[in-house]
Amino acid sequence: MKIGVIGTGYVGLALACLADFDNEVLFVGRSADKINNLKRGILPIYEKGLDEIVKRNLEKNKIDSTTDYERLKDAEMIFICVGTPSLSDGSIDLSQIKIASESLGALIKNTNDYKTIVVKSTVVPGTTKNIVIQALEKASGKKAGADFGVCMNPEFLREGTAVYDFLYPDKVVIGRYDEKSSSTVTKLYEFYGNKVPTMTTDLNTAEMIKYAQNAALASRVSFINEIANICEKFEVDVYEVAMAIGLDSRIGPKFLNAGAGFGGSCFPKDVKALLATAKSVGTNPILLDAILEVNKYQPHRMIDLAKQVLGNLRGKKIAILGLAFKSDTDDMREASSIQIINSLLMENATVKVYDPQSIGSAKKIFGGSIEYCSSKDECIKGADLCMIVTEWDEFKQINLSEIRCPIIDGRRVLNPLSVKQHGIVYKGIGWKNN
Ligand code: UDX
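To keep things clear, this report deals only with the structure shown in the data block. (Residues numbered from 1 in each chain as written. Predicted model: local features only at pLDDT ≥ 70, side-chain atom pairs only at ≥ 80, totals over all residues. Heavy atoms only, no water.)

Remarks on the overall build of the protein
Moving on, step 1. A count of helical and extended segments in the protein gives 15 helices and 14 strands.
Moving on, step 2. Its C-alpha atoms give the protein a radius of gyration of 24 Å, within 12% of the compact-globule value 22 Å for 434 residues.
Moving on, step 3. Dimensions of the protein, computed from C-alpha atoms along their principal axes, come out at roughly 75 × 45 × 40 Å.
Moving on, step 4. In the protein, the proportion of contacts linking residues at least 24 apart, taken out of those at least 6 apart, comes to 70%.
Moving on, step 5. Total accessible area on the protein is roughly 19600 Å²; 51% of this is exposed by carbon and sulfur atoms. (Helix = DSSP H or I, 4+ residues; strand = E, 2+ residues; numbered from the N terminus. Rg over C-alpha atoms; globule rule 2.2 N^0.38 Å. Contact = heavy atoms within 4.5 Å. Areas by Shrake-Rupley, 256 points an atom, 1.4 Å probe, with all protein chains shown as cover.)

Side note on the nonpolar core
Moving on, step 1. Formed by 43 residues in total, the largest nonpolar core has its most connected members in Ile-6, Leu-72, Ile-78, Ile-80, Leu-104, Ile-117 and Leu-136.
Moving on, step 2. For this core, the element with the highest residue contribution is helix 8 (residues 203-233), accounting for seven residues.
Moving on, step 3. Excluding residues that lie within four positions of it along the chain, Ile-6 makes contacts with Val-28, Tyr-69, Leu-72, Ile-78, Phe-79, Ile-80, Cys-81, Val-82, Ala-100 and Leu-104.
Moving on, step 4. Ranked by size, the runner-up nonpolar core spans 37 residues in total, among them Val-351, Ile-359, Phe-366 and Ile-408. (Core = buried A, V, L, I, M, F, W, Y, C linked by side-chain atoms within 4.5 Å. Buried < 20%, exposed > 50% of the residue type's maximum accessible area, 1.4 Å probe, protein only.)

Structural notes on helix 5 (residues 127-140)
Moving on, step 1. Between its first and last C-alpha, helix 5 extends 18 Å over 14 residues, near the 20 Å set by a 1.5 Å rise per residue.
Moving on, step 2. Its maximal kink placed at Ile-133, helix 5 deviates by approximately 25°.
Moving on, step 3. Check the buried side of helix 5 and you find it contacts strand 4 (77-80), helix 4 (95-109), strand 5 (116-119), strand 6 (149-152) and helix 8.
Moving on, step 4. Where helix 5 ends, the next residue or the one after it, Gly-141, has phi of about 70°, a positive value. (Expected span 1.5 Å × (residues − 1). Bend = angle between axes of the 7 residues up to and from the residue.)

Section: the site of the ligand
Moving on, step 1. Looking at the ligand, there are 19 residues lining it, with Phe-156, Leu-157, Glu-159, Asn-257 and Phe-325 nearest.
Moving on, step 2. Residue Phe-156 places a main-chain N or O atom 2.9 Å away from an oxygen atom belonging to the ligand.
Moving on, step 3. The side chain of Lys-326 places a nitrogen or oxygen atom 3.0 Å from an oxygen atom of the ligand.
Moving on, step 4. The protein chains hide 93% of the 660 Å² of surface that the ligand would expose on its own.
Moving on, step 5. Among the elements that take part in the shell around the ligand, helix 8 stands out by supplying three residues, more than any other.
Moving on, step 6. Here the shell around the ligand is composed, by residue class, of nine nonpolar, three polar and seven charged. (Near = heavy atom within 4 Å. Polar contact = N/O pair within 3.5 Å; in protein donor to acceptor, adjacent residues only side chain to side chain. Nonpolar A, V, L, I, M, F, W, Y, C, P; charged D, E, K, R; others polar.)

Considering the sheet that holds strand 3 (residues 63-66)
Moving on, step 1. Overall, mixed pairing links the eight strands, which are arranged 3-2-1-4-5-6-7-8 in an open sheet. A strand with exactly one partner marks an edge of an open sheet, and here the two such strands are strand 3 and strand 8 (198-202). Strand-to-strand, the axes of this sheet are offset by a mean angle of 25°, without reference to chain direction.
Moving on, step 2. Bridge count for strand 5 against strand 6 is four bridges, and the pairing is parallel. Paired with Val-118 across the bridge in strand 6 is Cys-151.
Moving on, step 3. Together, strand 4, strand 5 and strand 6 form the strand contacts of helix 5, whose direction differs from that of strand 6 by roughly 150°. (Pairing = 2+ DSSP bridges. Axes fitted to C-alpha atoms, helices over the stretch in contact; angles between N-to-C directions.)

A short note on helix 10 (residues 267-280)
Moving on, step 1. Given a rise of 1.5 Å per residue, 14 residues ought to cover 20 Å, and the 20 Å separating the end C-alpha atoms of helix 10 matches this to within 8%.
Moving on, step 2. Burial of helix 10 is extensive: 10 of the 14 residues sit out of reach of the surface.
Moving on, step 3. Those residues of helix 10 that sit buried are Phe-267, Pro-268, Lys-269, Asp-270, Val-271, Ala-273, Leu-274, Leu-275, Ala-276 and Ala-278.
Moving on, step 4. Where helix 10 is buried, its residues touch helix 8 and helix 11 (286-310).
Moving on, step 5. Positive phi appears at Gly-282, one or two residues downstream of helix 10, with a value of about 85°.

Quick word on a nonpolar patch on the surface
Moving on, step 1. Together, Tyr-164, Leu-167 and Tyr-168 line one region of the surface with nonpolar side chains, adding up to about 330 Å² of accessible area.
Moving on, step 2. With respect to the helices, strands and loops of the structure, Tyr-168 is situated in the loop between helix 6 (162-167) and strand 7 (172-176).
Moving on, step 3. Relative accessible area serves as the criterion here: at 53%, Tyr-168 is assigned to the exposed category. (Patch = residues over 30% accessible without salt bridge, like charges linked within 9 Å, V, L, I, M, F, W, Y side chains within 5 Å. Salt bridge = Lys/Arg side-chain N within 4 Å of Asp/Glu carboxyl O.)

Side note on the sheet that holds strand 11 (residues 371-372)
Where strands meet in a sheet, backbone hydrogen bonds hold them as pairs that are either parallel or antiparallel.
Moving on, step 1. If you walk across this open sheet you meet the six strands as 11-10-9-12-13-14, and the pairing is parallel. The open sheet has two edge strands, strand 11 and strand 14 (426-428), and neither has a second partner.
Moving on, step 2. Inspection of the sheet shows strand 12 (residues 385-388) paired to strand 13 (residues 407-409) by three bridges, in the parallel sense. Paired with Ile-388 across the bridge in strand 13 is Asp-409.

Quick word on the pairing of strand 10 (residues 350-354)
Moving on, step 1. Within strand 10, four of the five residues are buried, leaving the element largely enclosed by the surrounding structure.
Moving on, step 2. A crossover links strand 9 (residues 317-321) with its parallel partner strand 10, the connecting element being helix 12 (residues 336-346), and its sense is right-handed.
Moving on, step 3. In this structure, strand 10 lies alongside strand 11, joined through two bridges in parallel fashion. When the bridges of strand 11 are listed, Lys-352 appears paired with Glu-371.
Moving on, step 4. In the classification by handedness, the crossover that spans strand 10, the intervening helix 13 (residues 359-366) and the parallel strand 11 is right-handed. (Right-handed = clockwise from strand over helix to strand, strands pointing away.)

Some points on the pattern of salt bridges
Moving on, step 1. Counted according to the given criterion, the structure contains 21 salt bridges.
Moving on, step 2. A salt bridge links Lys-210 to Glu-155; its shortest N-O distance comes to 3.0 Å. Taken together, the positions of Lys-210 in helix 8 and Glu-155 in the loop between strand 6 and helix 6 put the pair 55 residues apart, joining distant regions of the chain. For the pair Lys-210 and Glu-155, a shared accessibility class is recorded, and that class is buried.
Moving on, step 3. In this structure, the salt-bridge partner of Glu-179 is Arg-176, at a minimum N-O distance of 3.5 Å.
Moving on, step 4. Overall, Arg-176 belongs to the partly exposed group, its relative accessible area being 33%.
Moving on, step 5. Several salt bridges share partner residues, and in doing so they unite Lys-39, Asp-64 and Arg-71 into one network.

In short, shape yes, function no, at least from these values alone.
Spelled out as structure tokens, the structure:
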């Protein structure tokens, strides 16, 4: 199938995987620089395995990129994957969605073949129906469901494992406006065979599923973080508690890792957007509010623990291991490290940082106000305190015999008992001996 993809962020670029399944993928973006790089196989993001897929299919001429919407005239299916960033009130900015829909409408006006437009961007319920379809119909002068098809097909990919998640999803959700387009999308995903359950819903339901899923996962993280904070007061290890409750088949073990809070491009943005949407339609979303409140507090817990160890932080050298919002990505959007570092700077501490991927992103945020290190050893050397903020595997291999300062573990990367056996002061979120 000839597929067009509007938007070259995580959501769009992950669709490069479709080129491995007998499809031709044409990316459309606004930035000429990004598009030129993409043509040479240079991706604007770091995502394990994706660059190989792009390079392989560039060589086979199965992937191409352009800034010109006109080139989509031959595409049978076009995915809208543009960004929907947060506005200051928590709602989402739909301007890129509108521009993409209007541009596609103009394209459809001048083509006679039936195209299926698929919204993959994360959008609040009602957006595909009220914004996308209206813009498409207005700009094309044609009728959705008759002259062109519309579906909403949310993505559930995690950064860092996007390729794996694309190849082995738990489910496919297809929100349909019309029968013909949903069967075209179902056909596209036939390569999954019958191992992957596919749910066909209406448009609003598909949009809501994405938000409800992210809110459910974020609520588990905030829930266990709240339990962690209580556990510490009773000398209880939250990881032991999480392991036990996770054994209950009604609860399950995943997303119960307590720590310095969740970040990234989805959880904070999506919970805020669902909250704003809920309020805008007159409901009172108490739980959604609480998820964010707990999460706002977690990075400060790291500062509380630091003060427990060092007292006043003024003039103290603090080594921060990990800047990305989670491991296997260079993404620092809404990362807990940002709040932690800002608080440390407010306390007049000196901050040294190391992250295997995110130093470039950190320099854009903190400039010259902190020191950047090229290895974990360099970062820890001479520090008064070390804070682990991201769960990178390489931090598990820290040589404890070389450590001279206390450790605050914000992700339970280390085994507290082994750290203590080395005579090192250990504190961690939800650890019993804080
Ligand atoms: C998330 C969803 O998982 C994915 O389905 C959706 O498409 C996009 O949003 P992502 O943001 O890549 O994916 O990261 P995820 O692995 O879900 O982690 C989000 C945040 O929660 C990270 O900051 C992580 O450190 C934190 N987290 C996760 C915890 O603190 N504890 C956990 O147990 C799990």
